[in-house]
Every structure is written in C-alpha cells, then in structure tokens.
Amino acid sequence: MRSNVHFGYLIFLSVVAALGGFLFGYDTAVISGTVSQVSLQFGLDAIQQGWYVGCALIGSITGVAFAGVLGDAIGRKKTMLLAAVLFTVSAIGCSVCADFNQLVIYRIIGGIGIGVVSIISPLYISELAVAEYRGRLVSLYQLAITVGFLAAYLVNFRLLGYAENHVQVSSSATFFDKVFIDEVWRGMLGMETFPAVLFFLIIFLIPESPRWLILKGNDECANRIFRKVYVSEEEAQMQVYETKQSVASEGKSEWSVLFTPGIFRAVMIGVGIAILGQFMGVNAVLYYGPTIFENAGLSGGDSLFYQVLVGLVNMLTTVLALVIIDRVGRKKLVYYGVSGMIGSLLLIGLYFIYGEALGVSSLFLLTFFLLYIFCCAVSICAVVWVLLSEMYPTKVRGLAMSIAGFALWIGTYLIGQLTPWMLQNLTPAGTFFLFAIMCVPYILIIWKLVPETTGKTLEEIEKYWKR
C-alpha cells in the first residue's frame, strides 16, 4: 500500500458508500424467492409475473434518469440519503400492502432507490479513490451487491423453511403470523428495512465528495477531505489543483461538454456496454433462478437452496475480482470471463435439450449455473461499474453515468419483463442460446473501442477521450 495514503480511512468511506450496493443487491434478488408465492396469491399469468418483477426496474430507470443530475446539484452524500429513505419506505410498504397494486407501487419506490445508488455510490467511491487502487475500491460496490444477493437468498430460504414448519391451524393469526408464515413473501420483502435504516444513519459519518466540492467552488473544504485521505499536505493540494485544472478546461455547459466528439463517443460506448451486458443472461438467472430450477424438476425448497449456492459463488468470485482487477486489468478480465460465459450458457442450453432424455442429474445443471456465475462475476459484473465510474470528465460524470445507467436499466427491465415469456415460448434451451449469442458483440466492443484504464488517474482517462 502507498505510505502517503490513509488507506484505512479510504476503505471506510468506500464501504459506507458500498452499503448502497448491498441494498441494491437485496432489493433486486429478494424478488426471486417471492415470484411463485405472489403469483399464486394474486393469480398472476406469465406477463403479470414479468410485470411484478419488472415494475421495480421501471423505478430504477426513473432513478437513474435524475440521479446524476441530482447528485451534481445537491451532492453525492445527500443523494445517497434520499436513496436510503426510498429503500426504507419500500420495504415497510411491501410488508404491509393491502393488494397487488399497492405492492407494485412500493416495489417501484424501492426501484427508484436502486437506480439512485447504482449511479451515486460507485461515483462517490471513484471520486475519492487513489488511481492505482480505484478498481478494487469501486469493486467493493459490486461486492456489496453480491453480498446483498446472498443475504436475500438466505433470508428467502430460511423464512420459507420457518413458514413451512409453523403452518397456522388457528383462525386468530397475528400480524407476525401473516408476515412470516401465512404470506411469508411479505417478510422476505420487509426484512430490507433493517439495512436500509442502517445505511441512512451511517451516511452521516462520511464527508461530501471533494471533487464535487471543487466543482462547486469549495476548495477549502475539499482540501480538508483530501488531507484525511493523503498523508502529506502537498499531495492533497496537488489533487485539488489537478481537479480544478480539469474543471476549468470545461468552460461550456454540461450538455455542451457531453456532446463534444471525444466525450460523446465515451458516452455511447458506455451506453453500449451497459445495455448489452443485461442481454447476456445474468439478471435472468438472478431474478428467475428458482423458477428455472423448478422447470428442471426441483422442489421449491431445493430451488431456493440452489439459488443460495449461486449467490455464494457470486459473492466469493467478486472477492477474487476485487483482488485482481487492478493487476490483471479491466479488458483481460472481460476477455476471459465472457469466453467462459459463452461456454457455460451453451452447456445450460444443451442440458435442457438432452438432460432428461439422457438421465443427467440436476447437479450438472447446478454446476453449469455456478460456472456461468463465476465467469460473469469475475468479469462484466466487476468491470462495468468500474468503467462507468471512471470514463467521464468531472463536470459531466454524474450526467454521463445517468445516461449509461439509464441504458443499463432499460436492458434490465426488458430482461425482467421478457424472461418468463422467453422461457415459455423459446423454451429454456433457446433462451440460454440467445444469451450466449449476445455475449459476442459485448466482447467485440471492449476489444475494439474501450481503452485500458487500469492504473490511470481520472484526469488521464479524461485526456484520452478528449484527444
């Protein structure tokens, strides 16, 4: 570690911001364990199931549409506080909602929180991180997402087990019985209240982004924050100077800067990798994993247990990616990981065609899924948020990330909405073959159009695009 950096303080700030990623992950993944129960209770068909999953993504699209602009206007810290409030309202609302329409409304509110933190949390970490450690620090956010996934899968699995072992026979059920036994999906969704409140409280312990403060002309406060990150006064002043020089060179309005040739190219590339990444199957697995496993003949309990294993591999692999991303480089991780994703997706598709006829155990399906998650987590899942948080100039970083994030959530919504239809009409095999095909243009864009950003400062990356 660099001796002139207070690395412990830097990690603390990054972990606090990354808690937004935990809520992102929990809110996104908890839905997978509730689809069957909610569908049964409210009589949902395939399209309505897609809407139940996809409604939160509508909220996410709304969130990213204003997150960057709001973050540039009121600051990264206050915007994260707003997201914490949205998560809390959503979790409590879902646990007490009276009907399906109310459930959808509260899911949309939580989705707005997801959209906001998906932009602001990695942006905050990126603006504080030291160049040579920025990849792994921003990857803490992705790690927090995977921990949120795993927490949701574990909560779903444990609460379902509790509900099955405490079936009510009395007509005088309490509110606790309703939430955790009779309609256990309420408990699954409502458990998010605890981390959401914690996120709200702990944000008060961190400072505002110093680069945002400089953008607003508050150099003195920014210098004090940099002094807590860097050991020497000279290094802190150098960071303030370089950021001011970068901002001063952008004399035009934010939208004008956004449409300058080099920056516009970076934005379009960001949009491309953001939206394509959603058509490579990862969110279909995360949202509908238990449903897919049930299609393979597993019981509801076994399918949720398999999903816990998926979440565990996802989290552990993200730890590996966090360690190696600044050593191996962003682009190489994508090359290796996406190649493995293509192979594992093809194997999953072949299992659904020939597995039953050949008497192949469902353990092989689980193995192919875990291989796919490993390859995905070590590559595109770890890299995408790092790239999007470091590709753009300071003055338009929030706005540009919102545009890329908007594209990402459009893709996520389409996958969430269409996966039940694809599983029903294209068959599971055809669906996974389609995901494999979509991996090809992604890897070509990374190869041909995206520069290697490992070890470069944000200002150096900005100069590359402007060149």
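In the block above lies the structure referred to throughout.
Scope of this entry: the structure provided in the associated data block. (Residues numbered from 1 in each chain as written. Predicted model: local features only at pLDDT ≥ 70, side-chain atom pairs only at ≥ 80, totals over all residues. Heavy atoms only, no water.)

This next bit is on empty space enclosed by the protein. One pass over the structure, following the stated rule, counts one cavity of 30 Å³ or more. Estimated volume of the largest cavity: approximately 260 Å³. Along its surface, the largest cavity is lined by 20 residues, and Gln-278, Val-282, Asn-283, Cys-381 and Trp-385 are the ones closest to its centre. Considering every element that reaches the lining of the largest cavity, the biggest residue donor is helix α19 (residues 380–390), with four residues. Here the residues of the lining of the largest cavity are counted per class, giving 13 nonpolar, seven polar and no charged. (1 Å grid on protein atoms, 1.4 Å probe; cavity = no way out; pocket = protein on both sides within 12 Å on 5 of 7 lines; lining within 4 Å. Points joined across faces, edges and corners; volume = space filled by probe spheres on them. Helix = DSSP H or I, 4+ residues; strand = E, 2+ residues; numbered from the N terminus. Nonpolar A, V, L, I, M, F, W, Y, C, P; charged D, E, K, R; others polar.)

Moving on: the environment of Leu-449. Position of Leu-449 relative to the elements: it lies in helix α21 (residues 427–449). Not counting chain neighbours up to four residues away, the residues in contact with Leu-449 comprise Arg-265, Ile-269 and Trp-465. (Contact = heavy atoms within 4.5 Å.)

Our focus in this paragraph is the nonpolar core. Ranked by size, the top nonpolar core spans 161 residues in total, and within it Tyr-52, Leu-103, Val-338, Met-341, Tyr-392 and Tyr-442 carry the most contacts. At 15 residues, the largest contribution of residues to this core is made by helix α6 (residues 134–165). If we skip the residues at most four places from it in the chain, Leu-103 touches Val-38, Phe-42, Tyr-52, Cys-94, Cys-97, Trp-185 and Leu-189. (Core = buried A, V, L, I, M, F, W, Y, C linked by side-chain atoms within 4.5 Å. Buried < 20%, exposed > 50% of the residue type's maximum accessible area, 1.4 Å probe, protein only.)

All right, on to the packing of helix α1 (residues 7–29) against helix α9 (residues 193–202) then. Contact geometry for α1 and α9: axes closest at 10 Å, N-to-C directions at 160°. With respect to α9, the axis of α1 lies roughly antiparallel. Judged by the sense of rotation from one axis to the other, the crossing of α1 with α9 is left-handed. On the side of α1, the interface is formed by Val-16, Ala-17, Leu-19, Gly-20, Phe-22 and Leu-23, while α9 contributes Pro-195, Ala-196, Phe-199 and Ile-202. The residue makeup of the contact of α1 with α9, split by class, is nine nonpolar, one polar and no charged. (Axes fitted to C-alpha atoms, helices over the stretch in contact; angles between N-to-C directions. Parallel < 35°, antiparallel > 145°, perpendicular 65-115°, else oblique. Left-handed = near helix turned anticlockwise from the far one by under 90°.)

Let us now look at helix α18 (residues 362–377). Under the 1.5 Å per step criterion, the end-to-end length of α18 is 22 Å for 16 residues, consistent within 8% with the ideal 22 Å. Restricting attention to buried positions, one finds in α18 the residues Ser-362, Leu-365, Leu-366, Phe-368, Phe-369, Tyr-372, Ile-373, Cys-375, Cys-376 and Ala-377. (Expected span 1.5 Å × (residues − 1).)

Further remarks concern the pattern of salt bridges. Two side chains bearing opposite charge may form a pair once their charged atoms approach each other closely. In the structure shown here, the tally under the stated rule is seven salt bridges. One salt bridge in this structure joins Asp-27 and Arg-107, with 3.1 Å as the shortest N-O distance. Here Asp-27, found in helix α1, pairs with Arg-107, found in helix α5 (residues 100–128); they are 80 residues apart in sequence, far enough to count as distant. The residues Asp-27 and Arg-107 share a single accessibility class, namely buried. Of the charged contacts in the structure, one is a salt bridge between Arg-76 and Asp-72, with a shortest N-O distance of 2.7 Å. Asp-72 carries the same exposure label as Arg-76, and that label is buried. The structure contains a network of salt bridges with shared partners spanning Asp-72, Arg-76 and Glu-127. (Salt bridge = Lys/Arg side-chain N within 4 Å of Asp/Glu carboxyl O.)

All right, on to the packing of aromatic side chains then. According to the stated counting rule, one finds 14 aromatic pairs in the structure shown. For the ring pair Phe-24 and Tyr-141, a centre distance of 6.4 Å and an interplane angle of 70° mean the geometry is edge-to-face. On the criterion of sequence distance, the pair formed by Phe-24 in helix α1 and Tyr-141 in helix α6 is long-range, its members being 117 residues apart. The class of Tyr-141 is buried, set by a relative accessible area of 0%. Measuring from centroid to centroid gives 6.1 Å for Phe-42 and Trp-185, while their planes differ by 65°, and the two rings are edge-to-face. Of this pair, Phe-42 sits in helix α2 (residues 35–42) while Trp-185 is found in helix α8 (residues 184–190), placing the two residues 143 residues apart along the sequence. Among the aromatic residues, those joined into a ring-pair cluster are Tyr-351, Phe-352, Phe-369, Phe-432 and Phe-435. (Phe/Tyr/Trp six-rings, centres within 6.5 Å; stacked < 30°, edge-to-face > 60°.)

Moving on, we come to helix α3 (residues 46–74). With 29 residues, α3 extends 41 Å between its outermost C-alpha atoms, agreeing within 8% with the 42 Å of an ideal straight helix rising 1.5 Å per residue. Where α3 bends most, at Val-53, the angle is about 35°. Two or three places before Gln-48, at the start of α3, stands the capping residue Asp-45, its side-chain oxygen 2.8 Å from that residue's backbone nitrogen. In the stretch just after α3, Gly-75 is the one whose phi turns positive, near 110°. (Bend = angle between axes of the 7 residues up to and from the residue. Polar contact = N/O pair within 3.5 Å; in protein donor to acceptor, adjacent residues only side chain to side chain.)

Taken as a whole, this structure holds zero disulfides when the rule is applied. Of all cysteine sulfurs, the one in Cys-97 lies closest to Cys-94, which takes part in no disulfide; the gap is 6.2 Å. According to the relative accessible area criterion, Cys-94 is buried, its value standing at 1%. Distance from the sulfur of Cys-376, which forms no disulfide, to the nearest cysteine sulfur (Cys-381) is 3.4 Å. Judged by its relative accessible area of 1%, Cys-376 is buried. (Disulfide = S-S within 2.5 Å.)

What follows deals with the side chain of Arg-186. Structurally, Arg-186 can be placed in helix α8. A polar side-chain atom of Arg-186 sits 2.5 Å from a polar atom in the side chain of Glu-183. Not counting chain neighbours up to four residues away, the residues in contact with Arg-186 comprise Gln-41, Cys-94, Ser-95, Val-96, Cys-97, Lys-178 and Val-179.

A few words now on the environment of Tyr-372. Its place among the elements puts Tyr-372 in helix α18. The residues touching Tyr-372, leaving out its near neighbours within four places in the chain, are Met-280, Gly-281, Val-282, Val-285, Met-341, Ser-344, Leu-345 and Ile-348.

By the element assignment, Ala-321 lies in helix α16 (residues 300–328). Each C-alpha atom of the pair Ala-321 and Ser-379 lies 7.4 Å from the other, and the pair is 58 residues apart in sequence.

Moving on to a nonpolar patch on the surface. On the surface, a cluster of nonpolar side chains totalling about 710 Å² of accessible area is made up of Leu-320, Leu-347, Leu-350, Ile-353, Tyr-354, Leu-358, Leu-371 and Phe-374. For the nonpolar patch, the secondary-structure elements that each account for two or more residues are α17 (330–358) and α18. Among the elements that take part in the nonpolar patch, α17 stands out by supplying five residues, more than any other. (Patch = residues over 30% accessible without salt bridge, like charges linked within 9 Å, V, L, I, M, F, W, Y side chains within 5 Å. Areas by Shrake-Rupley, 256 points an atom, 1.4 Å probe, with all protein chains shown as cover.)

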